[in-house]
Amino acid sequence: MTPVIPAKMRILVGANSFADAVTALQIARAVAAEFAASLGGLLVDDDDIRAVCALPHQRVISASGALLLSPSQAQIRTLMNAEARAFRQLLQQIADPAALDWSFDQQMGDLVGTTMAAAVGWDTLIFGYRSSHPFVGKVVALEPSRPDDGRLGALAETLARQLQTELVVFDVGAGARPHPARRRFVDPQDAIAALNQMNAQAVLIDLSRGPIRSPGSLRKLIAAARCPVIVLGASAATPRVVHDTHFPVANKQPPRAT
Amino acid sequence: MTRTSPKTADLPDGLPAAKLRASVRAEQLGFKTTKELSVSDGLIGQNRAIDAIRLSANITDRDFNLFVAGPEGVGRHSAVRQLLAEEAARRPTPDDWVYVNNFETPHKPRAMRLPPGQAAVLRQGMQTLVDDLANEVPALFESEEYQTQRRAIEQEAGEKQEGPIAAFAEQVKQESVALLKTPMGFMLSAVVDGKPLKPDVYETLDPRQRDEIDAKIERLQHQLADILKQGPLLEKEHRQKVEELHAQMAERVVSLRVRSLAEKYEGNAEVTGYLDAVRQDMISNAELFLQDGETSDNGPFPQAVHKFHREPRFHRYGVNIMVSQSEAGTVAAPVIFEDNPTLNLLTGRVEHMSQMGTLVTNFTLIKPGALHRANGGYLVLDARRLLAEPYAWDALKRCLQGGSIAIVSLADWLSLGSTISLEPDPIPCDVRVVLIGGRRLHMLLVMLDPEFGTLFKLLADFEDDLPRTTRSMRHFARVLAAFAARENLCPMTADAVAAVLDHAIRLADDTRKFTLQLGVLGDVMREADHYARAARRDVMQDGDVTKAVAQADHRAGRIKDRMQEAVVRKTVLIDTRGTAVGQVNGLSVIGIGTHRFGRPSRITARTRMGNAGLVDIEREVELGGPLHSKGVLILSGYLAATYALDVPMSLHASLVFEQSYGGVEGDSASSAELYALLSALSGIGIRQGLAVIGSVNQCGQIQAIGGVNEKIEGFFDICRARRLTGAQGVLIPAANTDNLMLRPDVVAAAEAGRFRILPVTTIDQGIEILTGVRAGKRRRGGAYPEGTLNARVEAQLRAFAQTQRLFAGPGVPNGAGGAE
């Protein structure tokens, strides 16, 4: 029996830049009409990047391979404001036609840490990663280590169908459901190494059921995937904090951007 | 003006009534009603023109185009239509022509010749081809075979792209360097304690460490840049592979379908070449068949029956039929009459349509012109209309000279086009052009356009009239019967036909001819038919025809009536009885539209001694035309050569058309002017009951003039309005006797002796009738007989000369009559 995805998912997209957010939002768009109840956007202004930009002799390598001067702090600030504006507009363009609630915020910090901290109250996180080429990649689902309700698999299949691509299941440790495109790995590191060699279009994991559980492993996974990573069960894996620090307040009416 | 009593002389009797109206007698026609007659083809008396038309229709030389000249209403159009249709039926059916897309240079659509009737077949074939492929190609691309190959290409490309990046990511990790994403791109930073190097830590490093880090970062930056630069190349390679796959997939089904269509045109290299180009284009543009077009709005019909060929994306594979013999539905060469020969309708046009506010076009918007439709046959045009249309005449000549039909819009011709246009392939032109126009137009074209004579070598000159013989009369009767039958008119009695023929004679202005203005005669017959039907008769009678003619005169007679009224009420002074010296009634014709009528004019002459000669007052005030002036000058010549030959001419005479406020043209009143002059010189009065027409030469001979019937009738109407006295009539040139076709009421008056038509051949004969005094002939001794008119004229001129001599003589100051 094919498991059913909960009809009303709350999806939060976290990204360091608008370029990263675009690919994640495309995935959100693909599932929003069917499954999403609300959509959130979080632009994380990484302080490491600001620090690196301040180093002498630093260059930025553009997507086309050009070497550019690194921006000044003021330029970074202006740039991030523009990125936030673009992120919010795209979010609104996706949410409004589907009649979804939406919210947006911008925070300083590390992408994974900040997004995980904000994950309470959200069903799904999508970590954005810019696309460096137009070639269609595969959808990769990391089979949960512990039995789940089939939500990850169903979402992965829906996404592969929507993106018109293949679904590959990475099975770490004990095997589970049979799948025509299944690859087995002994441990998560092997799976991440294999992912590093693949052309993936999206990766799905369930943080609450493994095999990836920690933020550190998640960072490695995102770096290896080089594509948006969809994380289920993030709120369960996140230590509870005082509720008034949650962002966004997903169970309230999100503020409308003006 | 002094009135004198003329020496009386009896007026001649004038022409008998039989000479005044040479009517056709019904019994000459040989039938009772036109129902008995066999139908004639309507071409009568035009053998010369018919021969020219047939020659033009048959001859193969391409420059033997034809100009059909002649007046309106003589049957030029119907003759051309009939004769060309006969010739066209013997000629082969011309080929079809289509325009198709030129895939290499789309702005130059390709013209293609096809056997007769095959254009529509090819169009249908192409439509079916497109519809079939629009169903089959998407199915092919949805097949697992295609999807597998496509995925393989995507995977290969993805791996090629991801491989170096993955390796680089591994490398930077090994070298303790972090790869960071920023809004602008990637950055690299050395890692210290698991975190990217911070500036404050960097500052604490010794210079050697910093240099090492800087060098490493710089090296890795260049390495990453090199990897990313490979991206566009990989993308290009990927695109090529996808296109190759598409072409490979599409090629199978497209080639199969196109081949089956091409088999029908084996041996026609042009069509098979085009189909091969179609095949290649379809293969290289297979994505056209994969786009979502208008398929969603298919109503209750299944997708399979959707007419894909109607969608704009497939117009590139359309077949635009310029001319198709299957559409014309004939098996003969075409005969096209283009009534509106504008440039566009003649040579075809390229239409545009608006898309997003811009005018665009393509080869399917090329529209054929009359030259396309007539290609391989005949094109008949009205010359005047053709010449009135801007650039149409130039375009026609260009097509005939070049032997091809090139479509150039007026905007392009004038360099006014500001949007995209096309340069379609010219289509070879094999058409015989027939222009129909007037003779004057033909002469102007010959004179003013040097190319006209080269391109239009033949002239079909339609006769204005038909010689009147018994045979031609009966033939003409059959033509009239055919017209009546064709127009659903009542059958005509022989009397009615005779009445129409009488009208034809009247219109010909010659009792020995019938006019060939069948249009005018047809109008009379149609009106007569109306009167016959109004009287509930099923046969048209002569009274109906007579009524139609009379009613036509009546309708057009308002101005004539007003002029006659002015004469009768003596607003315009015209005497119709008594005598007067130096005064004569001349007659002129006034044309109002198609209606002509005669009106009398009083011509007076005054004389005295002097050197001014003959003063034509009309010419002095520039109211006289050149021909009128010529006539007056001839009078001077006549006087100078006839009278007082041994003394200088010492005459001052003035001539004028009294109460004439418009122009005077023509020399038909020159004899009247001479009579007035002779009367003034001789002092002998002229009978005012007579009017005079005819020109005169220097020898005193009376010459024929035109409009004799209208002129006589004009004077007759005035005399009748004032009561006919029996001493009234008109002097006409004897040469005009054959032109007399007077109204029956004029003839009746003449028969009753109440009006006379008096033919004269010389001035002497005329002046004797007008004055009742003998003119007299110069005797051997050189003098005119005593008491004759000429003697009195000569005596007066000698007296003038004598007075002149005395006036100019020595010792006579200021002349004889001068003041002391």
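Look a little higher up for the structure.
The text that follows walks through the structure, step by step, so that each part is easy to find. (Residues numbered from 1 in each chain as written. Chains lettered and ligands numbered in written order. Predicted model: local features only at pLDDT ≥ 70, side-chain atom pairs only at ≥ 80, totals over all residues. Heavy atoms only, no water.)

Let us now look at the overall build of chain A. Helix and strand counts for chain A come out as eight helices and 11 strands. Scored against the burial criterion, the 258 residues of chain A give a buried share of 55%. A total of about 10,900 Å² of accessible surface is found on chain A, and carbon and sulfur atoms cover 54% of it. (Helix = DSSP H or I, 4+ residues; strand = E, 2+ residues; numbered from the N terminus. Buried < 20%, exposed > 50% of the residue type's maximum accessible area, 1.4 Å probe, protein only. Areas by Shrake-Rupley, 256 points an atom, 1.4 Å probe, with all protein chains shown as cover.)

Residue and element names in this part refer to chain B. Positionally, R310 belongs in the loop between α9 (269-284) and β7 (319-323). Relative accessible area serves as the criterion here: at 57%, R310 is assigned to the exposed category. Considered as a pair, R310 and Q127 are 183 residues apart in the sequence and their alpha carbons are 8.5 Å apart.

All right, on to the sheet that holds strand β8 (residues 167-172) of chain A then. Residue and element names in this part refer to chain A. Pairing in this open sheet of nine strands is mixed, and the strands run β5-β2-β1-β6-β11-β10-β7-β8-β9 from one edge to the other. Of all strands in the sheet, those bounded by a partner on one side alone are β5 (101-108) and β9 (182-185). Strand after strand, the sheet turns through a mean of 20° between neighbouring axes, direction not considered. Judged from the four bridges that link them, strand β6 (residues 124-127) and strand β11 (residues 229-232) form a sheet pairing that is antiparallel. (Pairing = 2+ DSSP bridges. Axes fitted to C-alpha atoms, helices over the stretch in contact; angles between N-to-C directions.)

As a further point, take the packing of helix α6 (residues 144-174) of chain B against helix α8 (residues 207-262) of chain B. Packed helix pairs are characterised by how far apart their axes lie and by the angle those axes make with each other. Residue and element names in this part refer to chain B. Between α6 and α8, the shortest axis-to-axis distance is 10 Å and the interhelical angle comes to 175°. The angle between α6 and α8 falls in the class roughly antiparallel. Grouping the constituent residues of the contact of α6 with α8 by class yields 14 nonpolar, eight polar and nine charged. (Parallel < 35°, antiparallel > 145°, perpendicular 65-115°, else oblique. Nonpolar A, V, L, I, M, F, W, Y, C, P; charged D, E, K, R; others polar.)

We now examine helix α5 (residues 151-162) of chain A. Residue and element names in this part refer to chain A. Across its 12 residues, α5 extends 16 Å between first and last C-alpha, which sits within 8% of the 16 Å expected from 1.5 Å per residue. All buried positions along α5 are accounted for by R151, L152, A154, L155, A156, T158, L159 and A160. Just downstream of α5, Q164 is the residue with a positive phi angle, here 55°. (Expected span 1.5 Å × (residues − 1).)

Residue and element names in this part refer to chain B. Relative orientation of the contacting elements helix α24 (residues 626-642) and helix α25 (residues 670-682) amounts to 40°, with a least axis distance of 9 Å. Of the possible angle classes, the one that applies to α24 and α25 is oblique. Like other packed secondary-structure pairs, α24 and α25 cross with a definite hand, here right-handed. Touching H628, G631, V632, L635, Y638 and L639 of α24 are S670, E673, L674, L677, L678 and L681, all from α25. Looking at side-chain class alone, the contact of α24 with α25 contains eight nonpolar, three polar and one charged residues. (Left-handed = near helix turned anticlockwise from the far one by under 90°. Contact = heavy atoms within 4.5 Å.)

This paragraph deals with a positive patch on the surface. Together, B:K570, B:R577, B:R723 and B:R754 line one region of the surface with positive charge. Residue position: B:R754 is located in the loop between α27 (744-751) and β30 (756-760). (Patch = residues over 30% accessible without salt bridge, like charges linked within 9 Å, V, L, I, M, F, W, Y side chains within 5 Å. Salt bridge = Lys/Arg side-chain N within 4 Å of Asp/Glu carboxyl O. Lys, Arg positive; Asp, Glu negative; His and termini not counted. Charge placed at Lys NZ, Arg CZ, Asp CG, Glu CD.)

Now for the side chain of B:D529. All names here are of chain B. Inspection of the secondary structure assignment puts D529 in helix α20 (residues 518-534). By relative accessible area, which is 7% here, D529 ends up buried. A distance of 2.7 Å separates a polar atom in the side chain of D529 from the backbone nitrogen of C490. Setting aside its immediate chain neighbours within four residues, D529 contacts L489, C490 and M540. (Polar contact = N/O pair within 3.5 Å; in protein donor to acceptor, adjacent residues only side chain to side chain.)

Its location among the elements puts B:E311 in the loop between α9 and β7. There is a polar contact of 2.7 Å between the side chain of B:E311 and the side chain of B:R313.

This paragraph deals with the sheet that holds strand β8 (residues 335-338) of chain B. Residues and elements named next belong to chain B. Taking strand neighbours across the sheet as the criterion, the five strands line up as β8-β13-β16-β1-β17 in an open arrangement whose pairing is parallel. Each end of this open sheet is capped by a strand with a single partner; those strands are β8 and β17 (458-461). On average, each strand axis in the sheet is inclined to that of its neighbour by 20°, with strand direction left out of account. Note: strand β1 (residues 66-69) against β17, four bridges, orientation parallel. Bridged to V68 within β17 is A460. Sitting on the sheet, helix α3 (residues 47-58) touches β1, β13 (378-382), β16 (432-437) and β17, and the angle it makes with β17 is about 150°. Across the sheet, helix α16 (residues 439-448) lies against β1, β16 and β17, angled at about 140° from β1, the strand it touches most.

Okay, the packing of aromatic side chains next. As enumerated under the stated definition, the model contains 14 aromatic pairs over all chains in all. Ring centres of B:W393 and B:F452 lie 6.2 Å apart, and the angle between their planes is 45°; on these two criteria the pair is classed as tilted. With B:W393 in helix α14 (residues 392-402) and B:F452 in helix α17 (residues 450-455), the pair connects residues that are 59 residues apart, well separated along the chain. Its relative accessible area of 9% is what places B:W393 among the buried residues. Positioned above the aromatic ring of B:F186 is the side chain of A:R130, whose terminal nitrogen or guanidinium carbon lies 5.7 Å from the ring centre. When the ring centre of B:F337 is taken as reference, the NZ or CZ atom of B:R81 above it lies at 4.0 Å. (Phe/Tyr/Trp six-rings, centres within 6.5 Å; stacked < 30°, edge-to-face > 60°. Lys NZ or Arg CZ within 6 Å of the ring centre and 35° of its normal.)

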